[in-house]
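Residues per chain, in single letters:
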Amino acid sequence: MRTISELFNLSGRSALITGGSGHLGSTIGLALAECGAKVGLLDKVDTELVDKKFTNINKENYQKIKMDLSDKQEVSRISEVVKDTLGSLDILVNCAAMVGTDEVKGWVDPVESQSEEVWRDALEINLTVPFVITKHLISVLNESSSPSVINIGSIYGVLGPDWSLYSSGDIKGTPAAYAASKGGLMQLTRWLATSLAPTIRVNAIVPGGVERNTPVRFKKEYEKKTPLKRLAKEEDIKGISVFLASDASSYITGQCIMVDGGWSVW
Ligand SMILES: NC(=O)c1ccc[n+]([C@@H]2O[C@H](COP(=O)([O-])OP(=O)(O)OC[C@H]3O[C@@H](n4cnc5c(N)ncnc54)[C@H](O)[C@@H]3O)[C@@H](O)[C@H]2O)c1
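Rules of the game
- Residues numbered from 1 in each chain as written.
- Predicted model: local features only at pLDDT ≥ 70, side-chain atom pairs only at ≥ 80, totals over all residues.
- Heavy atoms only, no water.
- Helix = DSSP H or I, 4+ residues; strand = E, 2+ residues; numbered from the N terminus.
- Buried < 20%, exposed > 50% of the residue type's maximum accessible area, 1.4 Å probe, protein only.
- Contact = heavy atoms within 4.5 Å.
- Phe/Tyr/Trp six-rings, centres within 6.5 Å; stacked < 30°, edge-to-face > 60°.
- Lys NZ or Arg CZ within 6 Å of the ring centre and 35° of its normal.
- Pairing = 2+ DSSP bridges.
- Axes fitted to C-alpha atoms, helices over the stretch in contact; angles between N-to-C directions.

Visitor: Help me out: how do you make sense of the environment of P147 in this one?
Guide: Among the structural elements, P147 can be located in the loop between helix 6 (116–142) and strand 5 (148–152). In this structure P147 comes out as buried when scored by relative accessible area, which is 3%. Once residues lying within four places of it in the same chain are set aside, the contact partners of P147 are D90, L141, T199, I200 and R201.

Visitor: Just checking my understanding: could you explain the packing of aromatic side chains for this structure?
Guide: Two measures describe an aromatic ring pair: the distance that separates the ring centres and the angle between the ring planes. The tally for this structure, following the rule as stated, stands at 7 aromatic pairs. Judged by centre distance (4.5 Å) and plane angle (20°), the rings of Y222 and W263 are stacked. Of this pair, Y222 sits in helix 8 (residues 216–224) while W263 sits in the segment after strand 7 (256–259), placing them 41 residues apart in sequence. Every member of this aromatic cluster is reached through a ring pair, and the members are Y156, W163, Y166, F218, Y222 and W263. Directly above the ring of W263 sits K225, whose terminal nitrogen or CZ lies 5.0 Å from the centroid.

Visitor: I keep staring at the environment of K72 and nothing clicks. Help me out?
Guide: Residue position: K72 is located in helix 4 (residues 72–75). With 177 residues separating them along the chain, K72 and S249 place their C-alpha atoms 33 Å apart.

Visitor: In this structure, what is going on with the sheet that holds strand 3 (residues 62–66)? I would like to understand it.
Guide: Picture the strands of a sheet paired through backbone hydrogen bonds; they go either parallel or antiparallel. Spatially, the 7 strands line up as an open sheet ordered 3-2-1-4-5-6-7, and their pairing is parallel. Because the sheet does not close on itself, it has two edges, and the strands there are strand 3 and strand 7. Across the sheet, the axes of successive neighbouring strands diverge by a mean angle of 20°, strand direction being ignored. Two strands pair when backbone bridges link them, and strand 2 (residues 38–43) and strand 3 are joined in this way by 5 bridges, in the parallel orientation. Its bridge partner lying in strand 3, V39 is registered against Y62. Strands strand 1 (14–18), strand 4 (91–94) and strand 5 of the sheet are contacted by helix 6, whose axis makes an angle of about 175° with strand 4. This element, helix 9 (residues 236–245), spans strand 4, strand 5, strand 6 (201–207) and strand 7 of the sheet and lies at about 170° to strand 6.

Read these as geometric descriptors, not functional statements.
Printed below as a string of structure tokens:
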């Protein structure tokens, strides 16, 4: 029997994280790299988050990959890109998404003003792209002795929004397409889990709201609704990411694990 540190060890493994320049994507990448994985951080933009966070990680163990996932041609080259940058692939994290803070007209607006075009864009990036990328990478993942796919969901893919939290307007609730795409991603997780078993495991992490310059009133109201009495910290995503990526979870597939401080329990 392996020791617990052997089960969590990711040395020799390669991971691709979409949305890898973002807040949670870079944190997940860092967690995997801290446990020994070589990581590819794919994003359409290069933020300073990666450079700030990866100061203690050897430069050979992480790489930024510039790609816009709304470009179908680019997405179709994903397995080539992975082979060229990482060589092989053991872990895929589908984290890139259109999120509530994106400033796009017709996105985070009252329902009457939510645009059908933006709805389609969100479904494309948040749901279709994880399907397409996973599909293109199956043959590369099949070469791994322990492949794991992790999708990043949201509590708003599980529960309807409580609009009283947003009524003062200091923070805006996420739109319908966000909820629908994240709900779909959970069902895609279950579908892929049975379809790709017994070789590739597929699970989802379902985070609650993450604290990030959060207005005080919203924070207080959110805490009241959360058994653990706080918003999530970025650090909260690290343990679950390593767990699902590693052999510590090798008998777990098809699960959507809530990381929400108990928000969804009552
Ligand atoms: N922040 C939260 O409170 C929260 C809560 C629950 C779930 N999530 C989920 O966590 C994930 C990360 O969110 P975050 O809060 O770190 O947001 P973020 O905006 O910091 O990260 C999202 C990243 O995805 C990238 N991205 C978007 N469209 C892309 C495209 N077309 N091509 C390539 N990259 C693209 C963005 O450039 C960005 O870096 C998302 O899936 C989000 O839905 C976040």
